[in-house]
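Next come the chains, spelled out residue by residue.
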Amino acid sequence: MDTRGSCLKIYLHIRDHMDVNTGIMFRTTPNYEIDDRTFVVAGVPRAGTTSMMRLLEALDIHIDFDNPRNLESKKYSGNFSNICDNPNFPVELLFNDSKWGTWGFKAHDLSPYHLFYRKIDTYLSMVNNPTIIIPTRDFLSQGIRDQLDNPKYRIEPLMYNALQKWQKVLEFYISTHLPVCLVSYEKLLTTPRTLGFLLDWMFGEHSYDHPGFEWLRVDDPRYIDTK
């Protein structure tokens, strides 16, 4: 399959629906000629990363996690710049590539200082066909969601913090050469075609089994109840 041609085809397919807000944006596509794939769900906390992990789970993609509530692993959780400073991190990535072929993990806080981005690019370039999905969310909903986990904080600073983090994530999106797709969490909830566009970008147009929508659990109490 011609990856450039497939990228153009998917772009034109989405462009044809620009009379509505598609809720999806990408700069390049993964290499569809390579069977093995490393899915990286990234972005900022409380923005829909768990939902994206549920999607990978519904697609029967192996997930590296140790917390069934949010499908995170301690190896990748937290500030991604600190994770990249761990010398075991690239070793772990290559080991998982050789063990599973196609797999995924969540690196939910992709908002470090800008100087770390080149290291992030370098490490993610090492894995099999990196495919990076960044769900986005409106900052009010994100702030309210964050306050549910941190009730002692006022919501205004949490919303401001969310906006600062998104600025860093957008800098990463603009500067990286890796395949990255931004997808609106709100659009996934309301517009079924957005999921179709996302799956087309992930696998190539119609080159997948549609997982349905049972994985998308709106306001799932498991995301909030930490007891």
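Counting restarts for each chain: residues are numbered from 1 in the order of the written sequence. Only residues with pLDDT of at least 70 get local features here, since the model is predicted, and only at 80 or more are side-chain atom pairs given and counted; chain-wide, interface and lining totals rely on the full set of residues. Values shown for side chains rest on all heavy atoms present in the structure; no hydrogens or waters enter the calculation.

Trainee: Before we go on, may I ask you to explain the packing of helix α6 (residues 139-149) against helix α7 (residues 155-175) in this structure?
Mentor: The packing of two helices is summarised by the inter-axis angle and the distance between the axes. Fitting a line to C-alpha atoms yields each axis, with helices limited to the stretch in contact; the angle taken between N-to-C directions then spans 0 to 180 degrees. Helix numbering and strand numbering both begin at the N terminus, where a helix is a DSSP run of H or I of at least 4 residues and a strand a DSSP run of E of at least 2. The interhelical angle for the contact between α6 and α7, taken along N-to-C directions, is 120°, at an axis separation of 8 Å. Classified by the angle between their axes, α6 and α7 sit oblique to one another. The handedness of the crossing between α6 and α7 comes out as right-handed. For the pair α6 and α7, contact is made by F139, L140, Q142, G143, I144, D146 and Q147 and by I155, L158, M159, A162, L163 and W166, respectively. Three classes are used: nonpolar for Ala, Val, Leu, Ile, Met, Phe, Trp, Tyr, Cys and Pro, charged for Asp, Glu, Lys and Arg, and polar for all others, with Gly counted as polar. Here the contact of α6 with α7 is composed, by residue class, of nine nonpolar, three polar and one charged. An angle below 35 degrees is read as roughly parallel, one above 145 as roughly antiparallel, one from 65 to 115 as roughly perpendicular, and any other as oblique. We call a crossing left-handed when the near helix sits turned anticlockwise from the far one by less than a right angle, and right-handed when that turn is clockwise. By the convention used here, residues are in contact when the closest approach between their heavy atoms is within 4.5 Å.

Trainee: Explain the side chain of T131 to me, please; I cannot follow it from the model alone.
Mentor: Along the polypeptide, T131 turns up in strand β5 (residues 130-136). By relative accessible area, which is 0% here, T131 ends up buried. The contact partners of T131, leaving out residues within four places of it in the chain, are P30, R37, T38, F39, V40, P179 and W201. Whether a residue is buried, partly exposed or exposed follows from its accessible area with a 1.4 Å probe, protein chains only, as a fraction of its type maximum: under 20%, in between, or over 50%, in that order.

Trainee: It is not clear to me how helix α2 (residues 49-58) should be interpreted in this structure. Could you clarify?
Mentor: Because each turn of an α-helix spans 3.6 residues, side chains separated by three or four positions end up pointing in the same direction. By the criterion of burial, α2 is predominantly enclosed, with eight of the ten residues buried. Turning to α2, its buried residues are T49, T50, S51, M52, M53, R54, L55 and L56. Just beyond α2, the residue with positive phi is D60, at close to 60°.

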